Amino acid sequence: RQVRGTWRDLYMVRNEPACDADISQANWYNCTHPDARFVSSFFVSRVVGDERHHIVNGSYIFRKPDGSINEEVVTSRARLMLLLTSAFGIALPDETAYIDRFLQPPSEQPPEQPPEQPP
């Protein structure tokens, strides 16, 4: 994330041992619970130099070094697979199941709002 114009780390990892029971429980929750992020959402993130790429469900977000943001609604499996390969370096087999279940079909996208008219 960016704080006062400077990129900062999002997470801090402490160099402390963890109990096996804690790791097992956390792993089980993250992989099986219906409310867990790894089960209920699709997300991938990659930092390349000063650029940041994210896909969260059906939104591809590209943050440039100058702070500008490009966002795209991903509506097709083909586009998702292309982004995974080109922006994230992830090459999945074509037969990968359910990869597109979080995409928003074009017919369900919210309509674009007309620009506001000055009074």
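Further up the page is the structure itself.
Small disclaimer: the values here were computed from a predicted structure and weren't measured.

Scoring rules and cut-offs
Residues numbered from 1 in each chain as written. Predicted model: local features only at pLDDT ≥ 70, side-chain atom pairs only at ≥ 80, totals over all residues. Heavy atoms only, no water. Pairing = 2+ DSSP bridges. Helix = DSSP H or I, 4+ residues; strand = E, 2+ residues; numbered from the N terminus. Axes fitted to C-alpha atoms, helices over the stretch in contact; angles between N-to-C directions. Contact = heavy atoms within 4.5 Å. Buried < 20%, exposed > 50% of the residue type's maximum accessible area, 1.4 Å probe, protein only. Lys, Arg positive; Asp, Glu negative; His and termini not counted. Salt bridge = Lys/Arg side-chain N within 4 Å of Asp/Glu carboxyl O.

Asker: What is the right way to look at the sheet that holds strand β6 (residues 69–73) in this model?
Answerer: Strands belonging to one sheet form pairs held by backbone hydrogen bonds; the direction of such a pair is parallel or antiparallel. Across the sheet, four strands lie side by side as β3-β4-β5-β6; this open sheet has antiparallel pairing. Edge strands, defined here as strands with exactly one partner in the open sheet, are β3 (43–48) and β6. Direction aside, the axes of adjacent strands within the sheet are offset by 10° on average. In terms of strand pairing, strand β4 (residues 51–56) meets strand β5 (residues 59–63) through five bridges, oriented antiparallel. Paired with H54 across the bridge in β5 is I61. Along the sheet, helix α3 (residues 77–86) contacts β3, β4, β5 and β6; its crossing angle with β4, the most-contacted strand, is approximately 145°.

Asker: Looking at this model, I keep getting lost on the side chain of H53. Mind explaining?
Answerer: The residue H53 is located in strand β4 in this model. Among all residues touching H53, those that are not within four sequence positions of it are V44, S45, R46, V48, Y60, I61, F62, A87 and F88.

Asker: I keep staring at the pairing of β4 and nothing clicks. Help me out?
Answerer: For a regular strand, side-chain orientation follows a simple rule: the groups alternate between the two sheet faces. Of the pairings in the sheet, the one linking β3 to β4 comprises six bridges and is antiparallel in character. What sits directly across from V48, in β4, is E51. Here β3 hands over to β4 after two residues, with G49 in that stretch at a positive phi of 60°. If you look at the hairpin formed by β4 and β5, you'll find two residues sitting between the two strands, and N57 has a positive phi there, around 50°.

Asker: What's the story with the side chain of R52 in this structure? I'm lost.
Answerer: On the secondary structure map, R52 appears in strand β4. D50 is the oppositely charged side chain nearest to the buried, salt-bridge-free R52, at an N-O distance of 5.9 Å.

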